[in-house]
Amino acid sequence: MSEVLVLVDHVDGAVKKPTYELLALAARLGEPSAVFIGSADQGAAVADAVKGYGAAKVYVVDDAQIKGYLVAPKAEALEQLIAKTSPAAVLIPSSAEGKEVAGRLAIKTSSGLITDAVDVQPGPVTTQSVFAGNFTVTAKVTQGTPIITVKPNSAAPVESAGAGAVEEFTPVISDAAKTAQIVASQPRQATGRPELTEAAIVVSGGRGTGGNFEPVDNFADSLGAAVGASRAAVDSGWKPHTFQVGQTGKTVSPQLYVAAGISGAIQHRAGMQTSKTIIAVNKDEEAPLFELVDFGVVGDLHAVLPAATEQIVARKG
């Protein structure tokens, strides 16, 4: 059975949920092998984590000569690992960095690239939402090693005992890959909420909030959800751009998406249309988003969300 490489998504060695989702998809295609690019002394802990989700092998790439630079060295490391293993496919998280690495890797290996897949089946055959979410298509790479980036929440993690055999891999990084150096970085501010693009539940507010996001924030916190915003809300200065969901913001694909006071312009729909279940709360019963949702509530979000929050908190208590 051919190997399927899965790039481990982590923060300082703490494996993130999208990695476990990718391992579940990789098991459909072949034998999952995790690729951890990070501190060598964290390799054993990472291997212990991912083997519980089916990783038969874990390639540990010490990032001592990589971490001070942007994505080019990671692409080179994966290129050399592909040459060594001849995998059936490479699965990478659909983050901004992941897609950049995937694009460079596709060029280096003369391979086909599919981004933002929401499903991967044997073949491998992917499912994607394209043209601002208006169409769902299936696609297949016809040249080289299939390189696929997958959106978070596209598959459920599956606990499965894997060998988790650790193998150190030392790539040779060229000087050309080290031309873009990281000179400063700003850590993500801790909010106690999940990362927007990875959250299983997202609650977003729009123009209908009138700038008062308290009902949205409180409702999100009662569900353990991430908070998002429409472009109108961001342009009005009610939330930073990092909260924006849409074609010019972030693309999310949670299990549940709640849109409060958002009309549903095509720009916003492009960023959330692949959500598994969609609920809209809007005073305007003619709002375009009602055409897309699974459940709709015609009402003032400032009344609906606090009432829903109260019920959720009461049931938890």
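Structural notes on the pattern of salt bridges
Moving on, step 1. In the structure shown here, the tally under the stated rule is 15 salt bridges.
Moving on, step 2. In this structure, the salt-bridge partner of E198 is K16, at a minimum N-O distance of 2.8 Å. Taken together, the residues E198 in the loop between β11 (165-168) and β12 (201-205) and K16 in the loop between β3 (14-15) and α1 (17-29) connect sequence positions 182 residues apart.
Moving on, step 3. Between D119 and R28 there is a salt bridge whose closest N-O contact spans 2.9 Å. Taken together, the residues span a long stretch of sequence, with D119 in strand β7 (residues 113-121) and R28 in helix α1 at a distance of 91 residues.
Moving on, step 4. It is possible to trace a salt-bridge network through shared partners that takes in R193, D217, D221 and K239.

Observations concerning the sheet that holds β11
Moving on, step 1. An order of β9-β8-β7-β10-β6-β1-β4-β5-β11 is seen for the nine strands of this open sheet, with the pairing classed as mixed. Each edge of the open sheet is held by one strand with a lone partner, namely β9 (135-139) and β11. Neighbour to neighbour, the strand axes of the sheet diverge by 35° on average, direction disregarded.
Moving on, step 2. As paired elements, β7 and strand β8 (residues 125-130) share four bridges and run antiparallel to each other. Paired with A117 across the strands is Q128, a residue of β8.
Moving on, step 3. Of the strands in this sheet, β1 (3-7), β4 (31-38), β6 (89-93), β7 and β10 (147-150) are in contact with α1, which crosses β1 at around 165°.

Focus on the packing of aromatic side chains
Moving on, step 1. Taken as a whole and judged by the stated rule, the model has one aromatic pair.
Moving on, step 2. An angle of 25° between the planes, with centres 4.1 Å apart, marks the rings of Y20 and Y53 as stacked. With a gap of 33 residues between them, Y20 in helix α1 and Y53 in the loop between α2 (43-50) and β5 (57-62) connect regions that are remote in the sequence.
Moving on, step 3. Exposure remark for Y20: the relative accessible area of 14% places this residue in the buried category.

Some details on unusual backbone geometry
What is expected of a backbone is that most residues other than glycine have negative phi and most peptide bonds are trans.
Moving on, step 1. Along the chain, G123 connects to P124 via a cis peptide bond; the corresponding omega equals -15°.
Moving on, step 2. Along the chain, P124 falls in the loop between β7 and β8.
Moving on, step 3. Backbone geometry at S110 places phi at a positive 50°, although glycine is not the residue there.
Moving on, step 4. When you line up the elements, S110 lands in the loop between α4 (96-109) and β7.

Let's talk about the sheet that holds strand β13 (residues 226-229)
Moving on, step 1. Pairing in this open sheet of five strands is parallel, and the strands run β13-β12-β14-β15-β16 from one edge to the other. This sheet does not close on itself; its edge strands, each paired only once, are β13 and β16 (295-298). Taken over all neighbouring pairs, the strand axes of this sheet differ in orientation by 15° on average, direction set aside.
Moving on, step 2. Across four bridges, the pairing between β12 and β13 is parallel. Considered in β13, the bridge of V203 is made with V227.
Moving on, step 3. On the sheet, helix α5 (residues 214-223) packs against β12, β13 and β14 (256-260) and is oriented at approximately 175° with respect to β12.
Moving on, step 4. Of the strands in this sheet, β14, β15 (277-282) and β16 touch helix α8 (residues 301-316), which is tilted by about 130° from β15.

A look at the domain arrangement of the protein
Moving on, step 1. Parsing the protein into structural domains produces domain 1 (3-177) and domain 2 (201-316).
Moving on, step 2. Taken over C-alpha atoms, the centre of domain 1 sits 31 Å from the centre of domain 2.
Moving on, step 3. At the interface, nine residues of domain 1 touch ten residues of domain 2.
Moving on, step 4. Summing the contributions of domain 1 and of domain 2, the shared interface buries around 720 Å²; its carbon and sulfur component is 52%.
Moving on, step 5. In this structure, the connection of domain 1 to domain 2 is made through three residue pairs in polar contact (both at pLDDT 80 or more).
Moving on, step 6. Residues belonging to the side of domain 1 that touches domain 2 are distributed by class as follows: three nonpolar, five polar and one charged.

Points about the packing of α5 against α8
Moving on, step 1. Where α5 meets α8, the axes come as close as 9 Å, and the angle between the chain directions of the two elements is 25°. Taken together, the axes of α5 and α8 are roughly parallel relative to one another. For the pair α5 and α8, the sense of crossing is left-handed. Within the contact between the two elements, α5 uses P215, V216, N218, F219, D221, S222 and L223 and α8 uses L301, H302, L305, P306, A308, T309, I312, V313 and K316.
Moving on, step 2. Here the contact of α5 with α8 is composed, by residue class, of ten nonpolar, four polar and two charged.

So, the nonpolar core
Moving on, step 1. Counting 27 residues, the largest nonpolar core has L25, V50, V58, L91, V120, I148 and V150 as its most contacted members.
Moving on, step 2. Contributing elements (two or more residues each) for this core: β1, α1, β4, α2, β5, β6, β7 and β10.
Moving on, step 3. It is α1 that provides the largest number of residues to this core, a total of six residues.
Moving on, step 4. Sequence-distant contacts of I148, defined by excluding residues within four places in its chain, comprise V90, L91, I92, I114, A117, V120, P124 and T126.
Moving on, step 5. Counting residues in each nonpolar core, the second largest holds 23 residues, with A72, I82, V90 and A106 among its members.

Definitions and limits used
- Residues numbered from 1 in each chain as written.
- Predicted model: local features only at pLDDT ≥ 70, side-chain atom pairs only at ≥ 80, totals over all residues.
- Heavy atoms only, no water.
- Salt bridge = Lys/Arg side-chain N within 4 Å of Asp/Glu carboxyl O.
- Helix = DSSP H or I, 4+ residues; strand = E, 2+ residues; numbered from the N terminus.
- Pairing = 2+ DSSP bridges.
- Axes fitted to C-alpha atoms, helices over the stretch in contact; angles between N-to-C directions.
- Contact = heavy atoms within 4.5 Å.
- Phe/Tyr/Trp six-rings, centres within 6.5 Å; stacked < 30°, edge-to-face > 60°.
- Buried < 20%, exposed > 50% of the residue type's maximum accessible area, 1.4 Å probe, protein only.
- Domains from an automatic or database assignment.
- Buried area = accessible area lost by both parts, 1.4 Å probe.
- Polar contact = N/O pair within 3.5 Å; in protein donor to acceptor, adjacent residues only side chain to side chain.
- Nonpolar A, V, L, I, M, F, W, Y, C, P; charged D, E, K, R; others polar.
- Parallel < 35°, antiparallel > 145°, perpendicular 65-115°, else oblique.
- Left-handed = near helix turned anticlockwise from the far one by under 90°.
- Core = buried A, V, L, I, M, F, W, Y, C linked by side-chain atoms within 4.5 Å.

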